[in-house]
Amino acid sequence: MASRKAQREEARARRLAEEKARQERDRRQRRLRMIGGVVIAAIAVAVVAIAISSGGGHKGGLAKGTAATKTVAQVQSLLQGIPQDGTRLGNPKAPVTMTYYGDLQCPVCQAFTLNGFKELVSKDVRTGKVQVVYKALQTATRDQQTFQLQQVAALAAGQQQRFWNYAELFYHEQGQEDSGYVNESYLDSLAQQVPGLNMSTWRNDRNSSSLGSQVNSDADQAAAVGANATPTLVFKGPKGQAQPVSGDIPYDSLQHTINSVS
Amino acid sequence: MKATTTDQRLRIAIGVFCLIGIGIAGYLTYVHYAGLKVLCLSSGGCETVQASRYAKLGGIPVATLGLVGYILILGSLALRGETGRAVGFGLALFGFCFSMYLTYRELFTIHAICQWCVSSAVVMTIVVILTVVRWLLYADDVEPARARATPVQSR
């Protein structure tokens, strides 16, 4: 009898142990599934957010057809009648000089050029209050060779007093970042959009060693003023030089800085 | 008891780091909407980052999204059981992934560093570690204690 009772107890204990092990296994599996689900859901939402952030902006690229005509007309209307000399835009006797350290591939420079800068040109450069000088500072452009190539292309347009037409078109038609869109064909197509640019002179000027040296000299000057981001803007006027400012600065802030030096 | 004490400490730690995150994201949200200049140690780095197109997501400043995220993680601490821990971890993981993406953009696209953003990324990294530890500890300690307390039906 005692032996049968012991056997029953033993069997019961075994069943309980098995049941407990099974529950433990189920519990672990359920938790694993839950953790996996939460990780996948969080990463999926993050991927969507990153996709919106990366692709939500201006896709851009070289404008064609009517879009190109419209862009060229916009740039032309902004710059027409404003004197240009090399990378200088505006009256050379304007009391305030804004030095614009930029990278033609920099998306923040694009945002600034198409917004605050546009208003500055219309209101202060056109009226002879401010003159702008562009200097190259490599930030967004991946490799030095491409940076040099695109900057010299713009400077070559500057030899025909059309630097700003070229730079403005570049910013308007900036391609997707890091897509390697800047190549000979892109630079050539932009040049063809610049009204009145002599293409054969432009092509010859691109080989000028002095323009290449100018890019290096710009980098030295950027280092001298402590510019390490683009766009960096340095305002200088009768009252002295303002602290350099960086970013997509709105026109109101530009105006405030102009007033502080003039 | 031991598990409860550890959980309590983790909840406090998560809460403290969320409050730090709320402070950072709240400040950046405030300066954005007030149109003020961001206090920054490096020359113009914060302004460049704040002015970039990556500073907004669907038109909403990412600082505001961060603020909401920290508040939600803090709120998840009030939820009982595994659901609260899962929600807290999920939100923190999302925040961590997005913070890493933004830090990547700062370094390789915008080429400027905003100390406030980097600080928030560090805080979010700590929060995601704490929330995952809290959830895993729950799986190992609290639940078995409950399982033991529940009588198993004999057959």
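These figures come from a predicted structure and were not determined experimentally.

### With respect to the overall build of chain A
A count of helical and extended segments in chain A gives ten helices and seven strands. Relative to all contacts within chain A whose residues are 6 or more apart in sequence, the contacts with residues 24 or more apart total 78%.

### Some remarks on the overall build of chain B
When helices and strands are tallied, chain B shows five helices and two strands. In chain B, the succession of α and β elements from N to C terminus is α-α-β-β-α-α-α. Scored against the burial criterion, the 155 residues of chain B give a buried share of 41%. Nonlocal contacts in chain B, meaning residues at least 24 apart in sequence, comprise 75% of its contacts between residues at least 6 apart.

### Describing the interface of chain A and chain B
Contact with chain A, which involves 37 residues of that partner, is made by 30 residues of chain B. Those elements giving two or more residues to the side of chain A that touches chain B turn out to be α1 (2-55), α3 (107-114) and β7 (245-246) of chain A. Element by element, the count of residues in the side of chain A that touches chain B is highest for α1 of chain A, at 20 residues. Taken together, the residues that form the side of chain A that touches chain B break down as 20 nonpolar, nine polar and eight charged.

### A few points about unusual backbone geometry
For residues that are not glycine, phi is negative in most cases, and the peptide bond is trans in most cases. All names here are of chain A. Following T230, the chain continues into P231 via a peptide bond in cis, with omega recorded as -5°. Tracing the chain through its elements places P231 in the loop between α9 (209-225) and β5 (232-237). Phi at Q161 takes a positive value of approximately 55°, unusual for a residue other than glycine. With respect to the helices and strands, Q161 occurs in the loop between α5 (144-158) and α6 (163-172).

### Notes on the confidence of the model for chain B
Residue and element names in this part refer to chain B. On average, chain B scores 83 in pLDDT, and the residues at 70 or more come to 85%. Put simply, helix α2 (residues 45-51) is where chain B has its lowest mean pLDDT, 76, and helix α3 (residues 62-76) is where it has its highest, 96. A low-confidence stretch, residues 143-155 (pLDDT under 50), is modelled with eleven contacts involving residues beyond four sequence positions or located in other chains.

### Overview of the nonpolar core
Judged by nonpolar contacts, the single largest core of 97 residues is most densely connected at A154, Y166 and A167 of chain A together with A92 and V127 of chain B. Residue contacts for A167 of chain A: discarding those within four places in its chain leaves L104, Y134 and A154 of chain A.

### Some points on the environment of T230 of chain A
All names here are of chain A. With respect to the secondary-structure elements, T230 resides in the loop between α9 and β5. The sequence separation of T230 and G247 amounts to 17 residues, and the corresponding C-alpha distance is 6.6 Å. Ignoring anything within four residues of it in the chain, the contact list for T230 reads Y101, G102, D103, C106, V108, C109, L137 and T139.

### A few points about the packing of α5 of chain A against α9 of chain A
All names here are of chain A. Contact geometry of α5 with α9 gives a least axis separation of 9 Å together with a crossing angle of 115°. Considering only the axes of α5 and α9, their crossing is right-handed. Taken together, the residues of α9 that come into contact with α5 (itself represented by Q148, Q151, V152, L155 and A156) are L211, G212, Q214 and V215. Partitioned by chemical class, the residues of the contact of α5 with α9 number five nonpolar, four polar and no charged.

### A word on the pairing of β5 of chain A
Residue and element names in this part refer to chain A. Among the six residues of β5, five are classified as buried, and the element is accordingly described as predominantly covered. Direction of pairing for β5 relative to β7: antiparallel, over a ladder of two bridges. Note on β7: the bridge partner recorded for T232 is S246. Both β5 and strand β6 (residues 240-241) contribute to a ladder of two bridges, which runs antiparallel. Residue pairing for β6: K236 is matched across the bridge by Q241. With antiparallel pairing between neighbouring strands as the criterion, β5 and β6 make up a hairpin whose turn holds two residues.

### As for the packing of α5 of chain A against α6 of chain A
All names here are of chain A. Contact pair α5 / α6: the axes reach a minimum separation of 6 Å and the direction vectors enclose 145°. Contacts from A154, L155, A157 and G158 in α5 reach F163, N165, Y166, A167 and F170 in α6. The class makeup of the residues in the contact of α5 with α6 is seven nonpolar, two polar and no charged.

### Overview of α5 of chain A
Residue and element names in this part refer to chain A. Taking 1.5 Å per residue as the helical rise, α5 with its 15 residues ought to reach 21 Å, and the 21 Å between its terminal C-alpha atoms agrees with that figure. Listing the buried residues of α5 in full gives F147, Q150, Q151, V152, A153, A154, L155, A156, A157 and G158. In this structure, the buried side of α5 is in contact with β4 (130-136), α6, α7 (184-193), α8 (199-205) and α9.

### Some remarks on helix α4 (residues 81-110) of chain B
Its 30 residues place the ends of α4 of chain B 42 Å apart at the C-alpha level, agreeing with the 44 Å of an ideal helix rising 1.5 Å per residue. Positive phi appears at H111 of chain B, one or two residues downstream of α4 of chain B, with a value of about 60°.

### A closer look at the environment of Y100 of chain A
Residue and element names in this part refer to chain A. Secondary-structure assignment places Y100 in strand β3 (residues 96-102). For the pair formed by Y100 and L233, sequence separation is 133 residues and the distance between their alpha carbons is 4.9 Å. When residues no more than four places from it in sequence are discounted, the contact partners of Y100 are V132, V133, Y134, P231 and L233.

### Here's the deal with the pairing of β3 of chain A
Taken residue by residue, a regular strand's side chains alternate between the two faces of the sheet. Residue and element names in this part refer to chain A. Most of β3 sits out of view: six of its seven residues are buried. One ladder, built from seven bridges, connects β3 with β4; its direction is parallel. Note that in β4 the partner of Y101 across the bridge is K135. Across five bridges, the pairing between β3 and β5 is antiparallel. Across the sheet, M98 pairs through a bridge with F235, a residue of β5.

Analysis parameters
Residues numbered from 1 in each chain as written. Chains lettered and ligands numbered in written order. Predicted model: local features only at pLDDT ≥ 70, side-chain atom pairs only at ≥ 80, totals over all residues. Helix = DSSP H or I, 4+ residues; strand = E, 2+ residues; numbered from the N terminus. Contact = placed C-beta atoms within 7 Å. Buried ≥ 20, exposed ≤ 12 C-beta atoms within 10 Å, placed from the backbone. Nonpolar A, V, L, I, M, F, W, Y, C, P; charged D, E, K, R; others polar. pLDDT = per-residue confidence, 0-100. Core = buried A, V, L, I, M, F, W, Y, C linked by C-beta atoms within 7 Å. Axes fitted to C-alpha atoms, helices over the stretch in contact; angles between N-to-C directions. Left-handed = near helix turned anticlockwise from the far one by under 90°. Pairing = 2+ DSSP bridges. Expected span 1.5 Å × (residues − 1).

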